[in-house]
Structures are given as C-alpha cells and as structure tokens.
Amino acid sequence: MIEKGRLTVRQLASLLFLCTIGEQILVFPSMITSYAHQDAWLSALLGVAGGLGILFIMLVAYKLHPRLNLIQNALRTLGPWIGTLFGSFYLFYFLISTSTFIREIGDFMSTQILPESPLLILHLVFMCSLVWGLLSGLESIGKTAEVFLPLIVLFLLILTVFLIPHVHLANIQPVLAQGFLDPFKGFVAVLTYPYCELCIFMMLFPYTKNEPHLEKDILLAGMIGGLLLTLTLSMCLLVMGPWMTQHHWFASFNLSQKINIGNFLQRIEAFMTSVWIIAVFFKAALFFYGFVLGVAHLFRLSSHRSLILPGSMLILAMSILISPNENFYLKVVIPYWIDWDLTCGIALPLLLILVHHMKSRFQKI
C-alpha cells in the first residue's frame, strides 16, 4: 500500500467537518440566497438532510472494497480500461478543485485584505503551505485538523452570539412567497457544494483505523458542519437581509464587520478570515493529496511523494489559468460546477455500486 499513515476516526471526522465548511463559510450564504432568496435558510436545512444521504452513498461505495481507495475501487470494479477512464475523470476533478480553492483564496485576499499584493505571490505562499503539509504526511494533517477544530467552532458560535442584537425576523418573511421552485434550486445547490465535494473522502476511508463508530462519526461531522453553515447563512439573512446577502460574494466576512460591542469589541473580520483560510487549507490539502495519490495508483508508482512538487507547479499554473477574473468565475464556472459535483458525488458512486452488485449476481449464476 502506497500510503502508510493511519487516521483515527476523530481525525477523519475533524477533516470531514473542516471540508464541509471549507471555502463555503464565506461564499455559501451568497450562493444559496441567489437561488432561494429569503427562503435560503429552509433550503440549507433540507440540504443538510439530503447531504447525509449523499454521505451514506459514499460509505456504501467504500464498503464494496474497504481496503481500497476510490481509484483502486474503480479499477477493481470496472476493469483496467473503463476503470482508468473513471479514475482519470476523478483525478482531473481533484486537480481543478484544488486550483479553484487556491484561486478563491487569492481573489479574496487580493480584494479584501491585501489589495496591493500580486495574485501569483498570494497563490505561491498558499501553495508552499500545502506542499509542506503533504510532505509532513496524512497523519500530521489529521492531527493538525483535530487541534484547529475547536477554535473554529468556538469562533463561529461567538460570531453568532454577538450578532443577535442586530437580528430582524422580518428579513426572512414571508416564507415560501415565491413557491417551492426557488427553495428547491437552493436545496440542489446545498447538496452540490458542501456535500458532493466530500467524495474526496473515498480516497481517505481506507487509511482510517477500523472502529465501530466510524459511520456514525462521519455522518455526525457532516451534519454539524452543514448546520453551522446553515446558522451562518441564517445570520446573514437576519442581519443583512436577502438582497445584501445575495449581492455580497463574501457575505459572512461583511457580516463580521457589523460586530460592535460597546465601541470596544469590533473589526474582528480578521478572525473570520483566519477561520476561512484554515478551513480552505485542509480542503485544498486533501484534494491535492487525493490527486497525487490517485496518480500514483493509476500509474502503479511506489510512492506519491515524488509527485507532490511537480503536482504543485501544475496546480499553481492552473489556479491562474482557470479564470481571467472573478466575474468570469462567478458567471461561467459556478453554474456548470453544479453538474460536475453532482456527477462526482452521486452519479459515479451509484454507478460503482450498481456495477459491483451486477457482477456479484452474474458470478453467482
């Protein structure tokens, strides 16, 4: 086995929670509100329930061959030719996703925090931290996630408490004024971005210690992460209203700027930035890890570590080429990304399950 490291269930759950909130902690409110408007909170709640179903599908696909990751599973189930095409599709998805996460970091930092800094330099700094993380190993990434998790949860809860005086219930009324179609569109978006992207964990499940509460902790981490996103979205709606939430791409960052306790505790948006960067780091690290590990399995290499540096150069270049500007990313990339996420998170795992059961039935005959 190429990967020798082992994660505890707690570390895996911590990583899954951080990947669930990931880059969504800033862009989730704007994205879902653009579909469902003042009913976005309802779409998010329903989406959490649907997201648990997606996680269950991924666990079923993993159990087909518990010792194999997604790429190995595809090669075993679909055969060398179709399995290679199947695995290559996922590897391209991991590559583009990692590049997109880095681009989102760069766009945010260059527009909100460090407007005078060159985009390439911001990407390079973040890329260096990813390379360092992957060279440290999977276990180190898991242990670090376990340390940062309580701090992130604590800050998000503090953010919510400090914003309660600014809440206006009229901002989410009337409920279902536009019917069920818009909330359904928001529901599909919730399934797509936080949950379908968790298909990366089918690359990690085989490297987790086998403990009896594995499935329960995975589902619980996914549910808590989704509920925290829903809480953040709800606070954006209640404080800023649906129009402002929809038209501020980094809505929760703008939300944190409204905190002012006695003219003393204010301007804490830097903490929100830190939470987001930490969460995106772990999500990007896992997608980068899935890419290099999958390539190593696909080409039957003895180790994936030799691919980390050339892979980082490829991802760094793609992070610049993937979009000429932020508007192109928002208007062109994101609408098609939903279909890609749904394919990788639901359709292809279901295909693996179907083909496996058909093969098992024919072998019994």
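Everything quoted here is computed from the prediction, not taken from an experiment. In this convention, every chain numbers its residues from 1, walking through the sequence in written order. With pLDDT at 70 or above as the cut-off, local features in this predicted model cover only qualifying residues; side-chain atom pairs require 80 or more to be listed or tallied, and sums for whole chains, interfaces and linings still use all residues. Side-chain figures throughout are based on the complete set of non-hydrogen atoms in the structure, without hydrogens or water.

Enquirer: Give me the overall build of the chain: which residues, what numbers.
Expert: Each helix and strand counted, the chain has 13 helices and 2 strands in total. Since a compact globule built from 365 residues should have a radius of gyration of about 21 Å, the 20 Å found for the chain is in line with a globular shape. Only protein chains enter the accessibility calculation, which uses a 1.4 Å probe. A residue is then buried if its area is under 20% of the maximum for its type, exposed if over 50%, and partly exposed in between. Across the 365 residues in the chain, those meeting the buried criterion constitute 56%. Looking at the chain as shown, the accessible area adds up to about 15,900 Å², and 69% of this sits on carbon and sulfur atoms. Working definition: helices are DSSP H or I runs of at least four residues, strands are E runs of at least two. Numbering for both runs from the N terminus. To get the radius of gyration, use the C-alpha atoms; to get the globule rule, take the number of residues to the power 0.38 and multiply by 2.2 Å. In short, Shrake-Rupley with a 1.4 Å probe defines the accessible areas, and a residue's cover is counted only from the protein chains shown.

Enquirer: Lay out the side chain of Ser-319 with the relevant residues and their values.
Expert: As for its position among the elements, Ser-319 is in helix 12 (residues 308–321). In this structure Ser-319 comes out as buried when scored by relative accessible area, which is 0%. If we skip the residues at most four places from it in the chain, Ser-319 touches Ser-99, Ile-102, Arg-103 and His-123. Note on contacts: a residue pair qualifies if any of its non-hydrogen atoms lie within 4.5 Å across the two residues.

Enquirer: Describe the environment of Ser-274, naming the residues involved and giving the relevant values.
Expert: As for its placement among the helices and strands, Ser-274 is situated in helix 11 (residues 269–298). Given a relative accessible area of 37%, Ser-274 falls into the partly exposed group. As for Ser-274 and Leu-293, which are separated by 19 residues in sequence, their C-alpha atoms are 28 Å apart.

Enquirer: Lay out the pattern of salt bridges in plain terms, naming residues and giving numbers.
Expert: A pair can form between side chains of opposite charge whenever their charged atoms are brought close. Basic side-chain nitrogens of Lys or Arg form a salt bridge, by our definition, when they fall within 4 Å of a carboxyl oxygen of Asp or Glu. Under the defined criterion, the tally for this structure stands at 4 salt bridges. For Glu-146, the salt bridge is made with Arg-10, and the minimal N-O distance between the two is 3.8 Å. With Glu-146 in helix 7 (residues 138–163) and Arg-10 in helix 1 (residues 9–21), this pair connects stretches of sequence that are 136 residues apart. Judged by its relative accessible area of 24%, Glu-146 is partly exposed. Its relative accessible area of 60% is what places Arg-10 among the exposed residues. In this structure, Lys-63 engages Glu-215 in a salt bridge whose closest nitrogen and oxygen atoms are separated by 2.0 Å. In this pair, Lys-63 sits in helix 3 (residues 40–63) while Glu-215 sits in helix 9 (residues 214–247), placing the two residues 152 residues apart along the sequence.

Enquirer: Break down unusual backbone geometry for me, citing the residues and quoting the values.
Expert: With a phi angle near 55°, His-37 is a residue other than glycine that sits in the positive phi range. Along the chain, His-37 turns up in the loop between helix 2 (24–36) and helix 3. Of note in this structure, Arg-300 is not a glycine but carries a positive phi near 55°. Its location among the elements puts Arg-300 in the loop between helix 11 and helix 12. Looking at Arg-300, the relative accessible area reads 76%, which means it is exposed.

Enquirer: Give me helix 2: which residues, what numbers.
Expert: For helix 2, a buried count of 11 out of 13 residues is recorded, marking the element as mostly surrounded by other parts of the structure. Taken residue by residue, helix 2 has Gln-24, Ile-25, Leu-26, Val-27, Phe-28, Pro-29, Ser-30, Met-31, Ile-32, Thr-33 and Ala-36 as its buried positions. His-37 sits one or two residues past helix 2 and shows a positive phi near 55°.

Enquirer: Please set out the nonpolar core residue by residue, giving values where relevant.
Expert: Nine residue types can take part in a nonpolar core, namely buried Ala, Val, Leu, Ile, Met, Phe, Trp, Tyr and Cys, and a core is a set of them joined through side-chain atoms within 4.5 Å. With 127 residues, the main nonpolar core has Leu-26, Tyr-90, Phe-94, Leu-130, Phe-201 and Phe-288 as its most contacted residues. Residue contacts for Phe-94: discarding those within four places in its chain leaves Leu-70, Cys-199, Ile-200, Met-203, Phe-287, Gly-290 and Phe-291.

Enquirer: Describe the packing of helix 2 against helix 9, with residues and values.
Expert: To define axes, lines are fitted to C-alpha atoms, for helices over the stretch in contact only, and angles between the resulting N-to-C directions are given on a 0 to 180 degree scale. At a minimum axis distance of 9 Å, the contact between helix 2 and helix 9 shows a crossing angle of 55°. Classed by the angle they form, the pair helix 2 and helix 9 counts as oblique. The way helix 2 lies across helix 9 gives a crossing that is right-handed. For the pair helix 2 and helix 9, contact is made by Gln-24, Ile-25, Phe-28, Pro-29, Ser-30, Ile-32, Thr-33 and Ser-34 and by Leu-229, Thr-232, Leu-233, Cys-236, Leu-237, Pro-242, Thr-245 and Gln-246, respectively. Any angle that falls under 35 degrees is termed roughly parallel, while one over 145 is termed roughly antiparallel, one within 65 to 115 roughly perpendicular, and all others oblique. A clockwise turn of the near helix away from the far one marks a right-handed crossing, whereas an anticlockwise turn of less than a right angle marks a left-handed crossing.

Enquirer: Tell me about the layout of surface pockets, and name the residues and values.
Expert: In this structure, the largest pocket encloses a volume near 260 Å³. Cavities and pockets were defined on a 1 Å grid built from protein atoms only: a cavity is a group of points that admits a 1.4 Å probe but offers it no way out, a pocket is an open group of points flanked by protein on both sides within 12 Å along at least five of seven lines, and a lining residue is one with an atom within 4 Å of any such point. Around the largest pocket, the lining comprises 14 residues; the ones closest to its centre are Tyr-62, Pro-66, Thr-208, Asn-210 and Leu-214. Gly counts as polar in this scheme, as do all residues outside two lists: the nonpolar Ala, Val, Leu, Ile, Met, Phe, Trp, Tyr, Cys and Pro, and the charged Asp, Glu, Lys and Arg. Its residues assigned to classes, the lining of the largest pocket shows 7 nonpolar, 2 polar and 5 charged. Grid points are joined across faces, edges and corners, and a volume is the space filled by probe spheres set on the points.

Enquirer: Describe the packing of helix 4 (residues 70–78) against helix 11, naming the residues involved and giving the relevant values.
Expert: In the contact formed by helix 4 and helix 11, the axes pass within 9 Å of each other and the chain directions differ by 35°. Residues Ile-71, Gln-72 and Leu-75 of helix 4 form the contact with helix 11, whose own contacting residues are Gly-294, His-297 and Leu-298.

Enquirer: Which residues make up helix 8 (residues 181–195), and what values do they have?
Expert: Given 3.6 residues per turn, any residue in an α-helix points the same way as the ones three and four places further on. End to end, helix 8 covers 21 Å across 15 residues, agreeing with the expected 21 Å (1.5 Å per residue, within 8%). Most of helix 8 is tucked away: 11 of the 15 residues are buried. Taken together, the buried positions of helix 8 are occupied by Asp-182, Pro-183, Gly-186, Phe-187, Ala-189, Val-190, Leu-191, Thr-192, Tyr-193, Pro-194 and Tyr-195. Here the expected span of a helix is defined as 1.5 Å times the quantity of residues minus one.

Enquirer: I'd like a rundown of a nonpolar patch on the surface, residues and numbers included.
Expert: A contiguous nonpolar surface patch, about 290 Å² in accessible area, is contributed by Leu-120, Ile-320 and Leu-321. You can see Leu-321 is positioned in helix 12. A patch consists of residues exposed above 30% relative accessible area that lack any salt bridge, with like charges linked at up to 9 Å and nonpolar side chains (Val, Leu, Ile, Met, Phe, Trp, Tyr) linked at up to 5 Å.

Enquirer: Lay out the environment of Lys-216 in plain terms, naming residues and giving numbers.
Expert: Tracing the backbone shows Lys-216 in helix 9. The class of Lys-216 is exposed, set by a relative accessible area of 57%. Linking Lys-216 and Val-9, residues 207 residues apart in sequence, is a C-alpha distance of 10.0 Å.

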